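# Geometric and topological summary
The residues making up each chain are set out below.
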Amino acid sequence: QVQLVESGGGLVQPGGSLTLSCAASGIIFRFNTMGWYRQAPGKERELVASITSGGTTNYADSVKGRFTISRGNAKNTVTLQMNSLKPEDTAVYYCNAKHAIDVWGKGTLVTVSS
């Protein structure tokens, strides 16, 4: 089965930084788009950032200027660098990859709290 595995979540103080990474396994093709979504308790899952195979990026307004998404040299990997974290960034962050199918990771928890 195609799988996405996230890593890098944890506890960080407001203003701090974290880097989330996602790697795909069990595939033989390059995903068209990879990205990160997040979901906080009681809220809908929302797009955080995405990047196409051509390098075009898209960010939620709430994270512009603070988060940076990039695609790794290794195929079907994606990284989210998160700076100046705020308590409202607290959520489970999910890696997503799109091609002919839509694949989701199991999520990694980011908690921003003092």
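Preceding this paragraph is the structure being described.
None of these values were measured; they are calculated from a predicted model.

So, about the overall build of the protein. Of regular secondary structure, the protein possesses zero helices and eleven strands. On C-alpha atoms alone, the protein measures out to a radius of gyration of 13 Å, which is about the 13 Å that the 2.2 N^0.38 rule sets for 114 residues. Put simply, the protein has 114 residues, and 40% of those count as buried. Look at the contacts in the protein between residues 6 or more apart in sequence, and 53% of them connect residues 24 or more apart.

For the rest of this paragraph, the subject is the state of the cysteines. Overall, the coordinates contain one disulfide when judged by the stated rule. Note on cysteine connectivity: Cys22 is disulfide-linked to Cys95, with sulfurs 2.0 Å apart. Looking along the S-S bond of the Cys22-Cys95 disulfide, the torsion reads about -85 degrees, which is the left-handed sense. Of the two residues, Cys22 sits in strand E3 (residues 18–25) while Cys95 sits in strand E9 (residues 91–98), which places them 73 residues apart along the sequence. The two residues Cys22 and Cys95 agree in class, both being buried.

What follows concerns the sheet that holds strand E8 (residues 77–82). The strand order E1-E3-E8-E7 describes an open sheet built from four strands, whose pairing is antiparallel. On the outer flanks of this sheet lie strand E1 (3–7) and strand E7 (67–71), each paired with one strand and no other. Taking each pair of neighbouring strands and ignoring which way they run, the sheet shows an average axis angle of 15 degrees. Strand direction decides the pairing type here: E1 and E3, joined by five bridges, are antiparallel. Along E3, the bridge assignment pairs Leu4 with Ala24.

Considering all chains together, one arrives at five salt bridges under this definition. The partner of Arg38 in a salt bridge is Glu46, and the shortest N-O contact between them spans 2.8 Å. On the basis of relative accessible area, Arg38 is assigned to the buried category, the value being 5%. Residues Asp102 and Lys98 are paired through a salt bridge, measuring 3.2 Å at the closest nitrogen-oxygen approach. One salt-bridge network, in which partners are shared between bridges, spans Arg38, Glu46, Arg66 and Asp89.

Despite not being glycine, Ser84 shows a phi value in the positive range, around 50 degrees. Relative to the helices and strands, Ser84 is located in the loop between E8 and E9.

Turning next to the nonpolar core. Core analysis: the biggest nonpolar cluster contains 30 residues, and Trp36, Leu80, Met82 and Tyr93 have the highest contact counts within it. Of all the elements in the fold, those that place two or more residues in this core are E3, strand E4 (33–39), strand E5 (46–52), E7, E8, E9 and strand E11 (108–112).

Structurally, Gly65 is set in the loop between strand E6 (57–59) and E7. For the pair Gly65 and Ser17, spaced 48 residues apart in sequence, the C-alpha to C-alpha distance is 13 Å.

Calculation criteria
- Residues numbered from 1 in each chain as written.
- Predicted model: local features only at pLDDT ≥ 70, side-chain atom pairs only at ≥ 80, totals over all residues.
- Heavy atoms only, no water.
- Helix = DSSP H or I, 4+ residues; strand = E, 2+ residues; numbered from the N terminus.
- Rg over C-alpha atoms; globule rule 2.2 N^0.38 Å.
- Buried < 20%, exposed > 50% of the residue type's maximum accessible area, 1.4 Å probe, protein only.
- Contact = heavy atoms within 4.5 Å.
- Disulfide = S-S within 2.5 Å.
- Pairing = 2+ DSSP bridges.
- Axes fitted to C-alpha atoms, helices over the stretch in contact; angles between N-to-C directions.
- Salt bridge = Lys/Arg side-chain N within 4 Å of Asp/Glu carboxyl O.
- Core = buried A, V, L, I, M, F, W, Y, C linked by side-chain atoms within 4.5 Å.

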